[in-house]
Structure formats: structure tokens, C-alpha cells
Amino acid sequence: MEEEFPHSECYRKALYPDQQVTVDVMLDGLIRTCRDASIFEMHEDQTSFVQYVQLFGAADALQNSRFLLQLTSDRNLLNLERRERAARLKRRLGKICQYARIEQLIKMVKRLPNILFRWVEDNLIGTGEGTFEIGVDPMDAVSRGLQGELSSQDIDAINERFPRLARNWDQRRFINPRIHAELRIILHLSPTLLSGSLTVFLSAHAVQRPIGCSKRSCLCCVLWIDAFNSGTRMLWMTSGSHGKPYDNWALPGAAGEMKGVRAWRRFDEHVIMGVYTRLTDTLAGVRKLAAKRISDEHASSGSDSDGSEGAEDDHIGKIWAGDHVAGLPVPMN
Ligand SMILES: [Zn+2]
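As the structure is a computational prediction, the values presented were derived from the model and not from experiment. (Residues numbered from 1 in each chain as written. Predicted model: local features only at pLDDT ≥ 70, side-chain atom pairs only at ≥ 80, totals over all residues.)

Draft legend 1. Focus on the overall build of the chain. Looking only at helices and strands, the chain has 13 helices and 4 strands in total. The buried share of the chain, reckoned over its 333 residues, is 17%. Within the chain, residue pairs in contact and separated by at least 24 positions form 77% of the contacts whose partners lie at least 6 positions apart. (Helix = DSSP H or I, 4+ residues; strand = E, 2+ residues; numbered from the N terminus. Buried ≥ 20, exposed ≤ 12 C-beta atoms within 10 Å, placed from the backbone. Contact = placed C-beta atoms within 7 Å.)

Now the structure itself:
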């Protein structure tokens, strides 16, 4: 059992004290627990804590299981979709478990008192944070983002390119945008760095300020940091970007407003323009693919293609897949 479910001894002892459990039963139980126990509202009380601990036990065991490892390391291209779904599940299980890792981190820091740290707990005011209900029709959002009506051909092409858009949209009608972690750090530390004496002020610009993150930054964070750096001449940096836009990204707005940074208000605008560019590029790509499909359908059997269009398709495909930060977008998750 330890081979099938590494590091799960405590969980197994708690759930199956007599140790008489088969791999099938254990796996079935883990999947059911993860599915059923993940639907609860988190509050700062004992009930939520107990629910989280139960969910954590199952998520951690499933995340480390040989079953999931086998699915995520399957190189057979015929099983590509299954592998991607398994990888997505593993990432989500990891997100559930990350709060327990934070506990471990805090314990470590307490044991090693020489590590300097500071909690960023600013209650930022004037941001785009909150809970919002999105409109019923995703096409309304697209046309509002593009500031123009979509033609019926555009709508057909978008639906064809993103067949799960309407279903995904329906499933998540409420969004909770938050200021992402790297921006919180910048908003927390920059005002002090920029408000000192002229010497401090000038030296603040010359220093590279890397921010270590557990994952690469999203599209909007990178756009905002670029604007912030050019507006303040500071050099904040993260470990790269995967180029994806997220619907849970909140505009910092007036948060952390600081004296002497005239371009402050323009940072959000820079992000909005960047997202607009991404949206228009996406639509251009969708139209191009739709036009190509129609032309292929009308083409004679003796095609005169020399393969260059295939290369272009491949290029677009890679950009869709999010390999290119400034290129065409991938659909929001
Ligand atoms: Zn981000």
C-alpha cells in the first residue's frame, strides 16, 4: 500500500485502523472524498478546519498516488487528453494541499529565527477586488471588451474554436478577483523605498528586485509590473510569465498610492490596453482559422498547398497553447 500511496500511512491508519483495505477500495474512497468533501464554504471556525483536514488527507494521498503518476506520465499520444486532465487534477490537488505546506513553512521559520520575514497583510483600499456576477452571455463580454458588435460569423467561429466556452461560462457565474501575490509585495514595499531621501530614492531605482514565486506570473501581473517599472524606474522582476490571463485578477487601482509617482493611474490602463490587444489578436486568429477552414472545404482535391500553411497553423496552435506571451491568447480557465 505504501508503494501505491506513498506517505499516506497516517491517513490509512486513521481511516482504516485494521489496515484491511485493498488498493481499489482506497482509491475509490480517495476520489469520492475529494469530490464530495471539496464543496464547502470555508470559515474561520473549527468545523471548516475539520473539513479541510479531511479533504487534505485524501487530496495529499491521491496527489502522491502511483495511479495518478501513471496517468500523468503516460507518453502515449492517444491518451493525451486523459494525461492533460490528470495533470490538471494533480495541480488542483496541489492547490488544496498548499495551505498545509504554509503551516510547515511557518514552523520552519520559527525554528530558524535568523531568517528575516515580514507578513504582507495590507488591507488594500480602492482596488478592483470583490465578488462579481458576470453576464449571462460570454459573447456580450467579448463584444464589450472589443468595444464593437460581433457578427454572427464571428460568434460561430469563436464557438467552434472554443467549444467549451459557453459551458464553462455557465458553471462559474461568480468571480472573486484578488490582487495577485507578486503585486501585493510590490505595493507593500515600494512606497517606503520611494519615499526616502533623494539618495535612497535614486538607489532604489538601480537595484534589481527579484520576487520568488512558486509559479510564473500571469499576463496581467507582467503587464502591470512592466508599467510600474517604467513609471517608477524600479526594477521589480519575477521568474517569467506563462502569458495566461486569469479572470480572478483584480486591478490594483488606487491601492498603495504613493506620493511622487505621477504615472500611478496609468498602470491599470496599461493592463487594460494589453488585455484589449490580446482580445483583438485572438479574434483575428479565430477569423483566420475560420477563413482557412472554409477555403479548405472549397478547395479541390488537388490542393496546391506547399506545406507553409501547415507551418503557420502549427505556429498559431502553439500560440493558442500559451507559448507566446505577447501573441494570441488561450481561453481563460
Ligand atoms: Zn498574476
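Draft legend 2. Region of the structure containing unusual backbone geometry. Positive phi is not limited to glycine here, since His7 has a value of about 60°. Along the chain, the position of His7 falls in the segment before helix H1 (9-15). Classification of His7 by C-beta neighbours within 10 Å gives exposed; the count is 11. Its identity is not glycine, yet Arg233 carries a phi of approximately 60°, on the positive side. Note that Arg233 resides in the loop between helix H11 (219-232) and strand E4 (235-237).

Draft legend 3. Molecular detail of the confidence of the model for the chain. Per-residue pLDDT for the chain has a mean of 81; in total, 84% of the residues score no lower than 70. Predicted confidence in the chain is weakest over helix H13 (residues 308-320), with a mean pLDDT of 38, and strongest over helix H4 (residues 66-72), with 95. Predicted confidence is poor over residues 303-333, with pLDDT under 50, and the contacts of this stretch with residues over four places away or in other chains come to 31 contacts. (pLDDT = per-residue confidence, 0-100.)

Draft legend 4. How the structure looks around the nonpolar core. If you look at the biggest cluster of nonpolar residues, it comprises 22 residues, and the most contacted ones within it are Cys220, Cys221, Leu223, Trp224, Ile225 and Phe228. Element by element, the count of residues in this core is highest for H11, at 9 residues. Apart from residues no more than four positions distant in its own chain, Phe228 is found in contact with Ile186, Trp236 and Phe267. (Core = buried A, V, L, I, M, F, W, Y, C linked by C-beta atoms within 7 Å.)

Draft legend 5. Representation of helix H5 (residues 80-111) in the model. Along its 32 residues, H5 runs 44 Å from first to last C-alpha, staying within 8% of the 46 Å computed at 1.5 Å per residue. The largest bend in H5 amounts to roughly 35° and is located at Cys97. When you tally the buried positions in H5, you get 1 out of 32 residues, a small fraction of the element. (Expected span 1.5 Å × (residues − 1). Bend = angle between axes of the 7 residues up to and from the residue.)

Draft legend 6. Representation of the packing of helix H9 (residues 181-194) against H11 within the structure. Running from N to C, H9 and H11 cross one another at 10°; their axes reach a closest spacing of 11 Å. Considering their axes alone, H9 and H11 lie roughly parallel with respect to each other. For the pair H9 and H11, contact is made by Glu182, Leu183, Ile186, Ser190 and Leu194 and by Cys221, Trp224, Ile225, Phe228 and Thr232, respectively. Its residues assigned to classes, the contact of H9 with H11 comprises 7 nonpolar, 2 polar and 1 charged. (Axes fitted to C-alpha atoms, helices over the stretch in contact; angles between N-to-C directions. Parallel < 35°, antiparallel > 145°, perpendicular 65-115°, else oblique. Nonpolar A, V, L, I, M, F, W, Y, C, P; charged D, E, K, R; others polar.)

Draft legend 7. Highlighting the environment of Arg85. Here Arg85 is to be found in helix H5. Arg85 sits 13 residues away from Thr72 along the chain, and the two C-alpha atoms are 8.5 Å apart.

Draft legend 8. Quick look at the environment of Leu279. Mapped onto the secondary structure, Leu279 falls in helix H12 (residues 266-298). Leu279 sits 134 residues away from Gly145 along the chain, and the two C-alpha atoms are 7.5 Å apart. Leave out the neighbours within four places in its chain, and Leu279 touches Gly145 and Leu146.

Draft legend 9. Structural detail: the environment of Ala86. The topology assignment puts Ala86 in helix H5. For Ala86, a count of 19 C-beta atoms within 10 Å corresponds to the partly exposed category. Note: C-alpha distance between Ala86 and Phe67 (19 residues apart in sequence) is 10.0 Å. Leave out the neighbours within four places in its chain, and Ala86 touches Leu68, Leu71 and Thr72.

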